[in-house]
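Listed below, chain by chain, are the residues.
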Amino acid sequence: MSTTQMLKGIIDGCLLAIIKEKEVYGYEMAEKLESYGFHSFSEGTIYPLLMRMQKEELITSTLKKSTAGPKRKYYSLTAKGELELKNFIERWQNLQSSVNEVIRQYTITKGGHQDET
Amino acid sequence: MKRELPLSKKSQNFIEDLRIYLFSSGKQWDEIEDVINELEIHLSEAEKNGKSIEKIIGKSPKDYMEMVSNEMPIDYRTLFKSICLIIFGAFSFKVFSDLLAGTLSYSLLEVTGYLAIAVIFIAVVFKGFKYISTISQSNIIRGVLIFVISLLPLLLFLGVSYLDKMISTPTIHFDNIGSFIIGGITLLFVIGISIWAKTGVLIIMIALLTLPDYFLNLTALQYETQLILSMLISFGGIAIYLLILSKLEKSK
């Protein structure tokens, strides 16, 4: 499975967390994601996601003047979005502890075999 | 006010392709401009930081366009409006030019043929432009495809008139009064649709395409001169009209 496929659904939650921190515009979000270590995804994929989240009323946007060039679209969380973020964090924590558990068991048994040989 | 962003040719082409793709997918104009603006800003900032366009939209522009398109609702109202404008435009143009040349008479084959042409043309335009926006950047291939698409209705029209001469189907002839009534109804339709769609494009196009012919016919000029003059006035007029429209759009 490619990283892009694994990221589906996770990036949404990460975007919500980034927007929660402070009002941001698209390029800033992509930079933030990259600084956290998401290197392999195409930055433009955040726009379809933002459109969907806006349709689902998780986020809202306002146009603001910028010093360089045309107006930027800044995103902020709605109450519904905050709730979704909370749910995402919970779901992620359950998921990651399960996945970690599976991997831990796997390395123990694998390690055991290696000891025997 | 819109300020131009510094963008590489490749990014500019991609943005234009995306616009055509979304438009021919029947998306709403405002929403298209919205997402395009955002992407333009993103691409320009990314380029300033030395990132390639692939880093932004991935390896396949087509996949990316599809992804964006899937998140946008289809604007059936605008789609319906454009289709009505094209169909009524074609029909009223035919009625008016026939009316200025004499009384009206249409065979069953002509009427169904014209309807079929309108449907085929609309389908081909939307599918064709969507396809053109996703193929490689070769301008020659694109040019040829657009040429074929714009030639298609003409060829189909010729085909229908040829068939009409070969096969005789029931024909309705209108006398003077009948022709005038049909003309009046068509005129009302054209005005009504123009008000509904809030555009003068139909009226101006029809006037530019039919009136020069008619008025030149009244003059004592030679037939060839008339033909050339009428073409010049029609296409020159349309060109000027489109130029004014784009100027108005830009100054918004």
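Given the structure is predicted, the values throughout are model-derived calculations rather than measurements.

Student: What should I look at first to understand the layout of surface pockets in this one?
Tutor: To locate leftover empty space, one rolls a probe as large as a water molecule over the atoms. The calculated volume of the second largest pocket comes to roughly 690 Å³. Every residue lining the second largest pocket is counted, 24 residues in all, and those nearest its centre are Thr-4, Lys-8, Ser-42 and Thr-45 of chain A together with Met-67 of chain B. Where the lining of the second largest pocket is concerned, the elements lending two or more residues are helix H1 (3-7), helix H2 (10-21) and helix H4 (46-55) of chain A together with helix H3 (53-57) and helix H4 (61-70) of chain B. Counted by class, the lining of the second largest pocket contains 8 nonpolar, 8 polar and 8 charged residues.

Student: It is not clear to me how the sheet that holds strand S2 (residues 59-64) of chain A should be interpreted in this structure. Could you clarify?
Tutor: Strand pairing within a sheet occurs via backbone hydrogen bonds; the two strands may be parallel or antiparallel. Reading across the sheet, the 3 strands line up as S1-S3-S2 (chain A) and stay open at both edges, with antiparallel pairing between neighbours. Of all strands in the sheet, those with a lone pairing partner are strand S1 (24-25) and S2 of chain A, marking the two edges. Bridge count between S2 of chain A and strand S3 (residues 72-77) of chain A: 6 bridges; the pairing is antiparallel. Pairing of Thr-62 of chain A across the sheet is with Tyr-74 of chain A, part of S3 of chain A. The sheet contacts of H2 of chain A involve S1, S2 and S3 of chain A, and relative to S3 of chain A the element is tilted by about 95 degrees. Where helix H2 (residues 29-48) of chain B meets the sheet, its contacts fall on S1 and S3 of chain A, and the angle it forms with S3 of chain A comes to roughly 105 degrees.

Student: How do you make sense of the UniProt feature "transmembrane region" (unreviewed entry) in chain B when you look at a structure like this?
Tutor: Residue and element names in this part refer to chain B. Within this structure's numbering, the places UniProt gives as "transmembrane region" (unreviewed entry) are residues 79-96, 108-129, 141-162, 177-196, 201-221 and 227-245. The annotated region residues 141-162 carries 100% helix and 0% strand content, and the separation between its end C-alpha atoms amounts to 30 Å. Across residues 201-221, the secondary structure splits into 86% helix and 0% strand, with the terminal C-alpha atoms separated by 30 Å.

Reading the values: the criteria
- Residues numbered from 1 in each chain as written.
- Chains lettered and ligands numbered in written order.
- Predicted model: local features only at pLDDT ≥ 70, side-chain atom pairs only at ≥ 80, totals over all residues.
- Heavy atoms only, no water.
- 1 Å grid on protein atoms, 1.4 Å probe; cavity = no way out; pocket = protein on both sides within 12 Å on 5 of 7 lines; lining within 4 Å.
- Points joined across faces, edges and corners; volume = space filled by probe spheres on them.
- Helix = DSSP H or I, 4+ residues; strand = E, 2+ residues; numbered from the N terminus.
- Nonpolar A, V, L, I, M, F, W, Y, C, P; charged D, E, K, R; others polar.
- Pairing = 2+ DSSP bridges.
- Contact = heavy atoms within 4.5 Å.
- Axes fitted to C-alpha atoms, helices over the stretch in contact; angles between N-to-C directions.
- UniProt positions renumbered as here; feature names shortened; annotations may be inferred.

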